[in-house]
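As a plain string of letters, each chain reads:
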Amino acid sequence: MSVMNDEKNLSQLIKEAELNIAAGKQKEAEHQLFQAFGIVHQTRNPTLARKITELLEKIGLFLSPPQSIELSPLATEGFILDIGGGGEGIIGKLHGPQVVAIDTSERELSETRNEALKIVMDGSDLKFLPNSFDVCTAFFSFMYIPKSEHSKVFQEVNKVLKDNGQFLLWDVRIPSLKKQNRQFIVPLTVQLPNETVQTGYGVRWQTQDINHFKELAKEHKFKVVDEWTESETFHLKLVKKH
Ligand SMILES: C[S@@+](CC[C@H](N)C(=O)[O-])C[C@H]1O[C@@H](n2cnc3c(N)ncnc32)[C@H](O)[C@@H]1O
């Protein structure tokens, strides 16, 4: 489709969303704005992009700046436990049958397309024996897990990891805002060795940043061996101390 056609469709979607907002039809407006967001990057039109963000904010949805991340295969031969491995199932796409993906949502797992072994299980109540895994991962999963459960998940991951096992997490900063928004959405591009995944993760608002996870690491006797922050995205590589 040409850029001009895209711009026409976008303007139409934005107009309809504005009318729906004025009529109090939030759900319809949300749907149109997500559609608009999906095509706005093709037009590279910052005015339209800003307009969409403003309208999303008007209905209580906060859009973080688009994030991108490049992932290479992890250096491990054993099984990888992926916490919250539904959704795009990025770790399962990266490591296929080496991955045991657990998620509380059967629907999320059944919609995930990769070769991981998928099990309905809660990250705060892992059913594996202690010392089972060399590596655990959580790729943009903690943002979906209520903050009150984060500490329990760390405790459980510590239990099922072998000594010197690694806990790798990638997540996004969710800031505290003066105006309370209902939902936080992060558009994300994931570059894998053989494919590029374009997605968006949206959750109910709960603030988090890298320091929150570093404190949990300390509390649960993990050593931080690597960390980085790029834009709003951060990564921690933790090792279970014995
Ligand atoms: C949408 S995914 C996020 C990204 C995902 N890791 C990927 O690769 O695309 C986050 C998942 O965490 C799951 N989740 C939420 N709370 C959980 C918990 N306590 N234990 C395990 N999974 C949980 C949600 O059901 C959701 O499918």
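Just so you know, the residues in each chain are numbered from 1, in the order the chain's sequence is written. With pLDDT at 70 or above as the cut-off, local features in this predicted model cover only qualifying residues; side-chain atom pairs require 80 or more to be listed or tallied, and sums for whole chains, interfaces and linings still use all residues.

1. Comments concerning the overall build of the protein
Part 1 of the reasoning: Secondary structure elements are taken from DSSP: a helix is a run of H or I of four residues or more, a strand is a run of E of two residues or more, and numbering for both begins at the N terminus. A count of helices and strands for the protein gives seven helices and 11 strands.
Part 2 of the reasoning: When we talk radius of gyration, it's over C-alpha atoms, and the globule rule is simply 2.2 Å times the number of residues to the 0.38. Its C-alpha radius of gyration of 19 Å places the protein within 12% of the 18 Å reference for a compact globule of 242 residues.
Part 3 of the reasoning: With the principal axes as the frame, the protein shows a C-alpha extent of 60 × 40 × 30 Å.
Part 4 of the reasoning: By residue count, 36% of the 242 residues in the protein fall in the buried class.
Part 5 of the reasoning: Two residues form a contact once the distance between their C-beta atoms, set from the backbone, is within 7 Å. For the protein, restricting intrachain contacts to residue pairs at least 6 apart in sequence, the fraction spanning at least 24 positions comes to 58%. Burial is judged by counting the other C-beta atoms within 10 Å of a residue's own C-beta: 20 or more makes it buried, 12 or fewer makes it exposed, and any count in between marks it as partly exposed, with every C-beta position built from the backbone.

2. Considering the environment of proline 73
Part 1 of the reasoning: As for its position among the elements, proline 73 is in the loop between strand 2 (67-70) and strand 3 (80-83).
Part 2 of the reasoning: C-beta crowding within 10 Å serves as the criterion here: with 10 such atoms nearby, proline 73 is assigned to the exposed category.
Part 3 of the reasoning: Here the alpha-carbon distance between proline 73 and phenylalanine 140, two residues 67 residues apart in the chain, equals 17 Å.

3. A look at the packing of helix 2 (residues 26-43) against helix 3 (residues 46-58)
Part 1 of the reasoning: With their axes 9 Å apart at the nearest point, helix 2 and helix 3 run at an angle of 160° to one another. Relative to helix 3, the element helix 2 lies roughly antiparallel. The interaxial crossing formed by helix 2 with helix 3 has left-handed handedness. In contact with Leu33, Ala36, Phe37, Val40 and Thr43 of helix 2, helix 3 contributes Leu48, Ala49, Ile52, Leu55 and Leu56. Axis definition: a line fit to C-alpha positions, over the contact stretch in the case of helices; interaxial angles, taken between N-to-C directions, run 0 to 180 degrees. Throughout this description, any angle smaller than 35 degrees is read as roughly parallel, any larger than 145 degrees as roughly antiparallel, any in the 65 to 115 degree range as roughly perpendicular, and the remainder as oblique. Crossing handedness follows the turn of the near helix against the far one: under a right angle anticlockwise gives a left-handed crossing, and clockwise gives a right-handed one.

4. A few points about helix 3
Part 1 of the reasoning: Under the convention used throughout, the expected extent of a helix is 1.5 Å for every residue step, that is, one less than its residue count. Look at helix 3: 18 Å from first C-alpha to last across 13 residues, which is about the 18 Å you get at 1.5 Å a residue.
Part 2 of the reasoning: Those residues of helix 3 that fall on the buried side of the exposure criterion are Ile52, Leu55 and Leu56. Along the axis of helix 3, the buried residues cluster in a sector spanning 105°; they form a single face. In helix 3, the exposed positions angled more than 90 degrees off the buried face are occupied by Pro46, Thr47, Arg50 and Glu54.
Part 3 of the reasoning: Of the residues trailing helix 3, glycine 60 is marked for its positive phi of about 85°. Summarising the geometry, the arc corresponds to the directions from the helix axis toward the C-beta atoms.

5. Description of the sheet that holds strand 6 (residues 133-139)
Part 1 of the reasoning: Read from one edge of the open sheet, seven strands run 5-4-3-6-7-11-10, paired in mixed fashion. Edge positions in the open sheet fall to strand 5 (117-120) and strand 10 (222-230), since each of these has one partner strand only. If you compare each strand with its neighbour and ignore which way they point, the axes differ by 15° on average.
Part 2 of the reasoning: In the packing of helix 6 (residues 147-160) onto the sheet, contacts are made with strand 3, strand 6, strand 7 (161-172), strand 10 and strand 11 (233-240), and the angle to strand 7 comes to roughly 145°. In short, DSSP must find at least two bridges between two strands for them to pair.

6. A word on the site of the ligand
Part 1 of the reasoning: The ligand sits among 23 residues. The nearest are Gly84, Gly86, Gly87, Glu88 and Gly123.
Part 2 of the reasoning: Note that Gly is not counted as nonpolar here; it falls among the polar residues with everything else outside the nonpolar set of Ala, Val, Leu, Ile, Met, Phe, Trp, Tyr, Cys and Pro and the charged set of Asp, Glu, Lys and Arg. The residue makeup of the shell around the ligand, split by class, is eight nonpolar, 10 polar and five charged. We call a residue near a molecule or strand when its C-beta atom, built from the backbone, sits within 6 Å of it.

7. With respect to the nonpolar core
Part 1 of the reasoning: The term nonpolar core means buried Ala, Val, Leu, Ile, Met, Phe, Trp, Tyr and Cys residues held together as one set by C-beta atoms within 7 Å. Formed by 58 residues in total, the largest nonpolar core has its most connected members in Leu33, Ala36 and Cys136.
Part 2 of the reasoning: Residue-level mapping places this core at the junction of two domains, with at least three residues from each of domain 1 (3-59) and domain 2 (68-240).
Part 3 of the reasoning: For leucine 33, the residues in contact, after removing those within four places along its chain, are Ala17, Ile52, Leu55 and Leu56. Per the annotation, domain bounds derive from an automatic or database assignment of domains.

8. Quick look at the pairing of strand 7
Part 1 of the reasoning: Pairing analysis gives six bridges linking strand 6 to strand 7, with the strands arranged parallel. Note on strand 7: the bridge partner recorded for cysteine 136 is phenylalanine 167.
Part 2 of the reasoning: Bridge count between strand 7 and strand 11: seven bridges; the pairing is antiparallel. Within strand 11, the residue paired with leucine 168 across the bridge is lysine 237.

9. With respect to the pairing of strand 8 (residues 183-191)
Part 1 of the reasoning: Of the two faces of strand 8, only the one carrying Phe184, Val186, Leu188 and Val190 is buried; Gln183, Ile185, Pro187, Thr189 and Gln191 on the other face are not.
Part 2 of the reasoning: Pairing of strand 1 (residues 61-63) with strand 8, which is carried by three bridges, proceeds in the parallel orientation. By the bridge assignment, leucine 63 is partnered in strand 8 with isoleucine 185.
Part 3 of the reasoning: Two strands pair when backbone bridges link them, and strand 8 and strand 9 (residues 196-204) are joined in this way by nine bridges, in the antiparallel orientation. Looking across to strand 9, one finds that isoleucine 185 is bridged to glycine 202.
Part 4 of the reasoning: With antiparallel pairing between neighbouring strands as the criterion, strand 8 and strand 9 make up a hairpin whose turn holds four residues.

10. What about unusual backbone geometry?
Part 1 of the reasoning: The phi angle at asparagine 131 is positive, at roughly 60°, despite the residue not being glycine.
Part 2 of the reasoning: The phi dihedral of lysine 221 falls on the positive side, at around 60°, and the residue is not glycine.
Part 3 of the reasoning: Structurally, lysine 221 is set in the loop between helix 7 (210-219) and strand 10.
Part 4 of the reasoning: Owing to 13 C-beta atoms within 10 Å, lysine 221 belongs among the partly exposed residues under this scheme.

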